[in-house]
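# Notes for the structure review
What follows is the residue order along each chain.
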Amino acid sequence: MNVEKIEKIERTSQLERIAVKLKEISVDVTSGDRDMLAQEHRYSKGTISSYLNGKGLDNETGTKIYLFLKARIDERENQIQNA
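Treat the numbers as computed from the prediction; the structure is a model and nothing was measured.

What counts as what
- Residues numbered from 1 in each chain as written.
- Predicted model: local features only at pLDDT ≥ 70, side-chain atom pairs only at ≥ 80, totals over all residues.
- Heavy atoms only, no water.
- Helix = DSSP H or I, 4+ residues; strand = E, 2+ residues; numbered from the N terminus.
- Buried < 20%, exposed > 50% of the residue type's maximum accessible area, 1.4 Å probe, protein only.
- Contact = heavy atoms within 4.5 Å.
- Areas by Shrake-Rupley, 256 points an atom, 1.4 Å probe, with all protein chains shown as cover.
- Core = buried A, V, L, I, M, F, W, Y, C linked by side-chain atoms within 4.5 Å.
- Polar contact = N/O pair within 3.5 Å; in protein donor to acceptor, adjacent residues only side chain to side chain.
- Arc of directions from axis to C-beta.
- Salt bridge = Lys/Arg side-chain N within 4 Å of Asp/Glu carboxyl O.

Counting secondary structure elements, the protein contains five helices and zero strands. Tracing the protein from N to C terminus, the helices and strands come up as α-α-α-α-α. Looking at the protein as a whole, 24% of its 83 residues are labelled buried. Put simply, of all contacts in the protein between residues at least 6 apart along the chain, 68% involve residues at least 24 apart. Total accessible area on the protein stands at roughly 6100 Å², and carbon and sulfur atoms take up 49% of it.

Following this line, the structure appears as structure tokens:
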């Protein structure tokens with residue numbers, strides 16, 4: 001990895017990194033995942049969509065959304081692997 005790339009990584013904020021991770025998993029997020037997240041954490045569907053589109057405004061909210069959805073996706077992956 002060259003020095004320029006390392007410097008860019010170091011300058012990337014947590015919010016930017018969370019946004020990238022959320023966009024990466026967004027393809028595997030189901031409407032059921034969104035509904036459950038909205039119900040359990042009381043986020044509006046608009047807020048969830050904003051974060052999944054990389055437009056989140058808060059690190060903590062983004063992190064909570066990511067961890068919740070990633071766990072749901074991982075659970076489905078395990079079920080698929082073991083089917």
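All right, on to unusual backbone geometry then. Although it is not a glycine, Arg-42 adopts a positive phi angle of roughly 60°. Structurally, Arg-42 can be placed in the loop between helix H3 (31–41) and helix H4 (45–52).

Right, let's talk about the environment of Lys-70 for a bit. Mapped onto the fold, Lys-70 is located in helix H5 (residues 59–81). Expressed as a C-alpha distance, the spacing of Lys-70 and Lys-21, which sit 49 residues apart in the sequence, is 9.5 Å.

Of all hydrophobic cores here, the largest spans 15 residues; its most connected members are Leu-22, Ile-25, Leu-37, Ile-48, Leu-52, Ile-65 and Leu-69. For this core, the elements supplying multiple residues, two or more each, are helix H2 (14–25), H3, H4 and H5. Per-element tally for this core: the top contributor is H5, with five residues. Excluding residues that lie within four positions of it along the chain, Leu-52 makes contacts with Leu-22, Lys-23, Ser-26, Val-29, Arg-34 and Leu-69.

Another aspect to go through is the side chain of Asp-33. Within the secondary structure, Asp-33 sits in helix H3. Look past the residues within four positions of Asp-33 in its chain and what remains in contact with it is Asp-28, Phe-68, Leu-69, Arg-72 and Arg-76.

Another aspect to go through is the environment of Asp-33. The class of Asp-33 is buried, set by a relative accessible area of 0%. There is a polar contact of 3.0 Å between the side chain of Asp-33 and the backbone nitrogen of Thr-30.

Within H4 the residues assigned to the buried category are Ile-48, Tyr-51 and Leu-52. The buried residues of H4 occupy an angular sector of 100° when projected down its axis, which confines them to one face. Elements that come into contact with the buried residues of H4 comprise H2, H3 and H5.

So, on to the pattern of salt bridges. A complete count under the given rule lists four salt bridges for this structure. Lys-45 is the salt-bridge partner of Asp-35, the closest N and O atoms lying 2.6 Å from each other. Of this pair, Asp-35 sits in helix H3 while Lys-45 sits in helix H4, placing them ten residues apart in sequence. With relative accessibility at 37%, the residue Asp-35 sits in the partly exposed group. Close ionic contact of Lys-70 with Asp-74 constitutes a salt bridge, the shortest N to O distance being 2.9 Å. Placement of the pair is Lys-70 and Asp-74 together in helix H5, with a separation of four residues, close to one helical turn.

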